[in-house]
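As a plain string of letters, each chain reads:
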Amino acid sequence: MTSVLYDAPGPKAKLRNRVYTVAGALAVLGLLVFAVLRLAAKGQFEPEMWNIFNNAGVRANIRNGVLTTLQVFAVAAVLSLALGVLLAVARLSDHRPVRWLATGFIELFRAVPLLITIYALWVILLSYKEELGLTGDSPQFWALVVGLTVYNGSVQAEVLRAGINAVPRGQREAAYALGMSKTQVMTTVLMPQAVRTMLPTIISQLVVTLKDTSLGYVITFEELLYTIQQMASTIVVNDENPYVPMIIVAGAIYVTMCLALSALANWIERRGRRAKTGIVVAGAAEPITASDALEGTDGTPGGPIDTRRPPGLGGGGGFTP
């Protein structure tokens, strides 16, 4: 059996693929066993290595690193969402210069690696540190925040633009037919539906933003990864540095934070599905029978129908009682 893209494998090809799969799995498993044995030989899994987490200073440093990471993420997430909305609206603008500027901004910062953007901003902020009134680790903080904002804001702009374009065109035309302005159509008709449609993708990009906070390690910003690296290189247990326990703990913390954010996104999505929206339909009225339709003004069935026109209406020949 063949398809347009590939030929279905025959019996020999299936057998060969199974052999390659088993061989590859065994090779990866062998590498993992070798790495674990080497680390165990250096004492990385000894109880003394893990006992360092009972130290109050180590726990305090990890807590401070987590709080700093969450602080950077919170600021960058809010700013990137706001920037994404502005860029999405600008890229859909009817004014060509505005549309070109937004497109250039988005394509530029999506193409440049985020690490280069953060490093360049850090160098600029350090060069003008006194002029900008920055003290302490403020240059590192704002370099990381602004770098995350411009990159993730550009990605969020494309996500929102796709959501806006996915709204049926008839809704936009109906809104214009009702006399709504462009701003009203965008803010009350298009953008709410785009956000609701693309919410899973928006949250996924926020998870990426959370993980990218670890790039602050390169510019010596004391977020979680940099804190873990500093402790792992300064603490000595049995003449060895506890790199493996520190990496495992840091990875577990990052996984927990990302899973918590994903769970929040799923809860918001389920709550949005359950929300009651739309126009409330009025109850149906009692059906009118033929006898009711022929009922006269005196309330008796079959009476004469009052065809008198109210006074003051035009049309000539109005009847005056």
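Description of the structure in this document. Bear in mind the structure is a predicted one, so any value in this text is a computation, not a measurement.

In this fold, W50 is placed in helix α2 (residues 47–50). It is 9.7 Å that separates the C-alpha atoms of W50 and V237, two residues lying 187 residues apart in sequence. In this view, W50 contacts Q44, F45, P245, I248 and V249; residues no more than four positions away in its chain are not counted.

Moving on, we come to helix α10 (residues 199–212). Taking 1.5 Å per residue, 14 residues should reach 20 Å; α10 reaches 20 Å between its end C-alpha atoms and fits that length. The complete set of buried residues in α10 reads L199, I202, I203, Q205, L206, V207, T209, L210 and D212.

The subject of this paragraph is the nonpolar core. In this structure, I62, L224 and M246 are the most contacted members of the largest nonpolar core, which totals 28 residues. With nine residues, helix α12 (residues 243–274) is the single largest residue contributor to this core. With residues near it in sequence (within four places) discarded, M246 still touches I52, F53, V58, I228, M231, A232 and I235. Core analysis: the second largest hydrophobic core is formed by 20 residues, L83, A102, A175 and I202 among them.

As a further point, take the packing of helix α7 (residues 138–166) against helix α9 (residues 182–197). For any two helices packed against each other, the geometry comes down to the angle between their axes and how far apart the axes lie. Look at α7 against α9: their axes get within 8 Å of each other, and the N-to-C directions meet at 110°. Overall, the two elements α7 and α9 adopt an arrangement that is roughly perpendicular. Where α7 crosses over α9, the two elements pack in a sense that is right-handed. For the pair formed by α7 and α9, the contact residues are L160, G163 and I164 on the first element and M186, L190, M191, A194 and V195 on the second.

Residues other than glycine seldom take positive phi values, yet T220 does so here, at roughly 60°. Summarising the element assignment, T220 is placed in the loop between α10 and α11 (224–234).

A separate point is the side chain of S80. Its place among the elements puts S80 in helix α3 (residues 56–91). Once residues within four sequence positions are removed from consideration, S80 is found in contact with T149, N152, G153 and Q156.

Cut-off values and rules
- Residues numbered from 1 in each chain as written.
- Predicted model: local features only at pLDDT ≥ 70, side-chain atom pairs only at ≥ 80, totals over all residues.
- Heavy atoms only, no water.
- Helix = DSSP H or I, 4+ residues; strand = E, 2+ residues; numbered from the N terminus.
- Contact = heavy atoms within 4.5 Å.
- Expected span 1.5 Å × (residues − 1).
- Buried < 20%, exposed > 50% of the residue type's maximum accessible area, 1.4 Å probe, protein only.
- Core = buried A, V, L, I, M, F, W, Y, C linked by side-chain atoms within 4.5 Å.
- Axes fitted to C-alpha atoms, helices over the stretch in contact; angles between N-to-C directions.
- Parallel < 35°, antiparallel > 145°, perpendicular 65-115°, else oblique.
- Left-handed = near helix turned anticlockwise from the far one by under 90°.

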